[in-house]
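Spelled out from the first residue to the last, the chains are:
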Amino acid sequence: MIIPFDSSSPVPPFEQVRSGLATQINDRSLPVGTKLPTVRQFAADLGIAPNTVARAYRELEEAGLIETRGRAGSFVAAAGDQSRRRAQQAAADYAHLTRKLGLDSAEALSIVRAALDEGKS
């Protein structure tokens, strides 16, 4: 499994791992049921601390993209197929709310961009 990783990037290592795996899960290059490497193995492959990979795995599990099955390991979850649908529903709910609040589209999009940019830091 190859994810883009740059040790000199200002993006924290756990976020590079998390977003790299999330992208591959969402674009289905990592299909449902795919077994992920162990935390230690993945950390060794990337040359980073195991706790960094463990944090990325925890966040992916919280998002429903992967599931951990005890000693059997971590796998791409079936819920990962639903991420786009969940994001679309959240966007529809947000659009409904901003209309109710009287915000125009430009201002609503500006709020979303700011929230997305905030998540990068």
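If you're wondering where the values come from, they're calculated on a predicted model, not measured in any experiment. Starting from 1, residues in each chain are numbered consecutively following that chain's sequence as written. Local features in this predicted model are restricted to residues whose pLDDT is 70 or higher, and side-chain atom pairs enter the listing and the counts only when it is 80 or higher, whereas totals over whole chains, interfaces and linings include all residues. Heavy atoms from the whole structure form the basis of all side-chain values; hydrogens and water molecules are not counted.

Q: Explanation requested: the side chain of Gln 16 in the structure shown.
A: Here a strand is any run of E in DSSP of at least two residues, a helix any run of H or I of at least four, and the numbering for each starts at the N terminus. Position of Gln 16 among the secondary structure elements: in helix α1 (residues 13-26). Burial classes follow relative accessibility: with a 1.4 Å probe on protein chains only, a residue under 20% of its type's maximum area counts as buried, one over 50% as exposed, and anything between as partly exposed. Given the relative accessible area of 9%, Gln 16 is considered buried. Throughout, a residue-residue contact means that at least one pair of heavy atoms, one from each residue, lies within 4.5 Å. In this view, Gln 16 contacts Ile 3, Pro 4, Phe 5, Asp 6, Ser 9 and Val 11; residues no more than four positions away in its chain are not counted.

Q: Got a minute to help me understand the packing of aromatic side chains in this structure?
A: Here a ring pair, both rings aromatic, is described through the centre-centre distance and the interplanar angle of the planes. In summary, the pairing rule links any two rings of Phe, Tyr or Trp, Trp by its six-membered ring, whose centres are within 6.5 Å, and it sorts them by plane angle into stacked for under 30 degrees, edge-to-face for over 60 and tilted for everything else. Within this structure, the stated rule accounts for one aromatic pair. Aromatic pair Phe 42 and Tyr 57: ring centres 6.3 Å apart, planes at 40°, arrangement tilted. Of this pair, Phe 42 sits in helix α2 (residues 39-46) while Tyr 57 sits in helix α3 (residues 50-62), placing them 15 residues apart in sequence. The burial state of Phe 42 is the same as that of Tyr 57; both residues are buried. The criterion for a charge sitting over a ring is simple: Lys NZ or Arg CZ within 6 Å of the ring centre, and within 35 degrees of the ring normal. Note that Arg 55 overlies the ring of Phe 14, its terminal NZ or CZ placed 3.5 Å from the centroid. If you follow Arg 69 out to its NZ or CZ, it ends over the ring of Phe 75, 4.0 Å from the centre.

Q: What should I look at first to understand the nonpolar core in this one?
A: Side chains that are nonpolar tend, in soluble globular proteins, to be buried together. Nine residue types can take part in a nonpolar core, namely buried Ala, Val, Leu, Ile, Met, Phe, Trp, Tyr and Cys, and a core is a set of them joined through side-chain atoms within 4.5 Å. In this structure, Val 17, Leu 21, Phe 42 and Tyr 57 are the most contacted members of the largest nonpolar core, which totals 18 residues. Of all the secondary structure elements, the ones that give two or more residues to this core are α1, α2 and α3. When sequence neighbours within four positions are dropped, the list of residues in contact with Tyr 57 reads Leu 21, Leu 36, Pro 37, Thr 38, Val 39, Phe 42, Ile 66 and Ser 74.

Q: Just checking my understanding: could you explain α3 for this structure?
A: For an α-helix the count is 3.6 residues per turn, leaving residues at separations of three or four pointing the same way. Here a helix's expected span is defined as the number of its residues, less one, multiplied by 1.5 Å. Helix length check: α3 (13 residues) gives 18 Å between terminal C-alpha atoms against 18 Å at 1.5 Å per residue, within 8%. Of the positions making up α3, those classed as buried are Thr 52, Val 53, Ala 54, Ala 56, Tyr 57 and Leu 60. Those residues of α3 that are buried lie in contact with α1, α2, β1 (66-68) and β2 (74-76). Where α3 terminates, the next one or two residues include Gly 64, which has phi positive at roughly 80°.

Q: Looking at this model, I keep getting lost on unusual backbone geometry. Mind explaining?
A: Peptide bonds are mostly trans, and most non-glycine residues show a negative phi. Of note in the backbone geometry, Arg 28 takes a positive phi value of approximately 70° without being a glycine. Structurally, Arg 28 can be placed in the loop between α1 and α2.

Q: So what exactly am I meant to see when it comes to the packing of α2 against α3 here?
A: When two helices pack together, their arrangement is given by the angle between the helix axes and the distance between those axes. Here an angle of 0 to 180 degrees is reported between the N-to-C directions of two axes, which are lines fitted to C-alpha atoms, with helices fitted over the stretch in contact. As a packed pair, α2 and α3 sit with axes 8 Å apart at the nearest point and diverge in direction by 120°. With respect to each other, α2 and α3 are oriented oblique. In the crossing of α2 with α3, the sense of the turn from one axis to the other is right-handed. Contacts between α2 and α3 involve Val 39, Phe 42 and Ala 43 from the former and Pro 50, Val 53, Ala 54 and Tyr 57 from the latter. Amino acid classes used here: Ala, Val, Leu, Ile, Met, Phe, Trp, Tyr, Cys and Pro are nonpolar; Asp, Glu, Lys and Arg are charged; the rest, including Gly, are polar. Grouping the constituent residues of the contact of α2 with α3 by class yields seven nonpolar, no polar and no charged. Roughly parallel here means an angle under 35 degrees, roughly antiparallel means over 145, roughly perpendicular means 65 to 115, and every remaining angle is called oblique. We call a crossing left-handed when the near helix sits turned anticlockwise from the far one by less than a right angle, and right-handed when that turn is clockwise.

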